[in-house]
Amino acid sequence: MSVRTGLGTSPVVGSLVSAKKRKEYKVSNRLQEGKRPIYAVTVYQLLENSGVAVLQAYVDEDKDESFYTVSWSCDELNSPLLIASGSNGIIRVIDAGKEKISKSFVGHGDSVNELRTQALTPCLVVSASKDESVRLWNVNTGICILIFAGANGHRNEVLSVDFHPSNKHLIASCGMDNTVKIWCLKEFWTHVKKSFEWKDLPSTFQTKYVQFPIFTAGVHSNYVDCTRWLGDFILSKSVDNEIVLWEPLMKEHGGSNDGSVDLLQKYPVPDCDIWFIKFSCDFHYNTLAIGNREGKVYVWELHSSPPNLVAKLSYSQCKSPIRQTAMSYDGSAILCCCEDGSVWRWDAMQ
């Protein structure tokens, strides 16, 4: 595999100093989750007056559980489902409408690090696990459809996974083996369809293994803990204080599937040299937000070259590493989840 720089030049690196346009944000709320049990999942509503209301809270039956990841989904009636998992590897499907756990998926042999929902078919959920596998689930039928692991799969903990936003057949995953892998579902799509029609017990469904990704990239030299599609490009980050935007040179785009990539842009993130710090994007992928180990947040504009730093957010009382962020639909609100159990809300100023 080889790494090429975009358009025959070095990748364009964003500046932390100058910016074409800045956006002002203010801290509007702070929640302390540390006093709640870590084996619980809480659903909040962001209010227009900068407030945050607790809507529901679910306490897991396993008090040794520690939740790492959540993702919204829906059933065949479009009722909201909250999918959650963590250290014990069991995936909980919470029916938010009926306020109860409707299903539990057992299959992973170790903790689950990330869950993602397919936007095109929201009842399909993918999970990335410490057991070196990625699994595709149908939350309606409770079926594990496919397991991505084996001969050419990940060789260490899988830390992040994402569905392609418009191509229902593509999934990207990354992990502690320093690689980003792209998997194709096209060959197995009839099997995916079969999972929707299954009337028997989920355990009797023949789960298939996908052992060969269509692309493996060595963009980073250390753990890769977050990856997201940006159109046909990929955003990924390691522990080297930056997020990288790159293009996988696959056969359908004139490449050879040998792992060659074009490095396009880099988004610097100072003091982001520890693993399990994840970035998030707004719905339209206009902006990206990421925290660091000093409790600061960097907001980058994605559709500009060179990359434009929209905002650098810091607050005197927020000093704990920010492990995850979440952006609202239009990017006007940013939530930051810190290692000390605090959740901070930042709102864009009009």
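Here's a quick rundown of the structure. As a convention, each chain's residues are numbered from 1 in the sequence order in which they are written. For a predicted model such as this one, the threshold for reporting local features is a pLDDT of at least 70, and the threshold for listing and counting side-chain atom pairs is 80 or more; totals across whole chains, interfaces and linings nevertheless cover every residue. Side-chain numbers come from the whole structure's heavy atoms, not from hydrogens or water.

Some points on the state of the cysteines
Thinking step 1. Any cysteine sulfur atom paired with another within 2.5 Å is treated as part of a disulfide. All told, the structure shown has 0 disulfides when counted by the stated rule.
Thinking step 2. In this structure cysteine 226 is not part of a disulfide, and its nearest cysteine sulfur, from cysteine 174, lies 6.8 Å away.
Thinking step 3. Among the residues examined, cysteine 226 registers a relative accessible area of 0% and is labelled buried. Categorising residues by exposure relies on relative accessible area from a 1.4 Å probe, with only protein chains included: less than 20% of the type maximum marks a residue as buried, more than 50% marks it as exposed, and the intermediate range marks it as partly exposed.

Section: the pattern of salt bridges
Thinking step 1. Salt bridges are counted wherever a side-chain nitrogen of Lys or Arg sits within 4 Å of a carboxyl oxygen of Asp or Glu. Counted according to the given criterion, the structure contains 12 salt bridges.
Thinking step 2. We note a salt bridge from glutamate 61 to arginine 92, for which the minimum N-O separation is 3.6 Å. Residue glutamate 61 is found in the loop between β5 (52-59) and β6 (67-74), and its partner arginine 92 is found in strand β8 (residues 91-95); the two are separated by 31 residues along the sequence.
Thinking step 3. Judged by its relative accessible area of 7%, arginine 92 falls in the buried class.
Thinking step 4. Counted as one network, the salt bridges with shared partners bring together Asp271, Asp273, Arg293 and Glu294. Where helices and strands are cited, they refer to DSSP runs of H or I of at least four residues and of E of at least two residues respectively, numbered from the N terminus.

What about the sheet that holds strand β23 (residues 280-281)?
Thinking step 1. Reading across the sheet, the 4 strands line up as β23-β24-β25-β26 and stay open at both edges, with antiparallel pairing between neighbours. A single partner strand is all that each edge strand has here, and the edge strands are β23 and β26 (308-313).
Thinking step 2. By the convention used here, strands pair only if DSSP detects at least 2 bridges between them. Taken together, the 5 bridges between strand β24 (residues 287-291) and strand β25 (residues 297-301) define a ladder with antiparallel strand orientation. By the bridge assignment, threonine 287 is partnered in β25 with glutamate 301.

Side note on the nonpolar core
Thinking step 1. What we call a nonpolar core is a set of buried Ala, Val, Leu, Ile, Met, Phe, Trp, Tyr and Cys residues that are connected through their side-chain atoms within 4.5 Å. Counting 20 residues, the largest nonpolar core has Leu136, Ile145, Leu146, Phe148, Ile171, Leu185 and Val192 as its most contacted members.
Thinking step 2. Secondary structure elements with two or more residues in this core: β11 (124-129), β12 (134-138), β13 (143-148), β14 (158-163) and α1 (189-197).
Thinking step 3. Here this core gets 4 residues from one element, more than from any other, and that element is β13.
Thinking step 4. Whether two residues are in contact is decided by their heavy atoms: any pair within 4.5 Å suffices. For isoleucine 171, the contacting residues outside a window of four places in its chain are Val126, Phe148, Val161, Asp162, Phe163, Lys181, Ile182, Trp183, Leu185 and Trp229.
Thinking step 5. Core analysis: the second largest hydrophobic core is formed by 18 residues, Leu235, Val269, Leu288 and Leu302 among them.

Some remarks on the sheet that holds β6
Thinking step 1. Across the sheet, 4 strands lie side by side as β6-β7-β8-β9; this open sheet has antiparallel pairing. Looking at the sheet topology across the chains shown, the edges are occupied by β6 and β9 (100-105). When strand polarity is set aside, the average angle formed by the axes of neighbouring strands in this sheet is 25°. Note on definitions: angles span 0 to 180 degrees between N-to-C directions of axes, and those axes are lines fitted to C-alpha atoms, for helices only across the stretch in contact.

On their own, these measurements won't tell you what the molecule is for.
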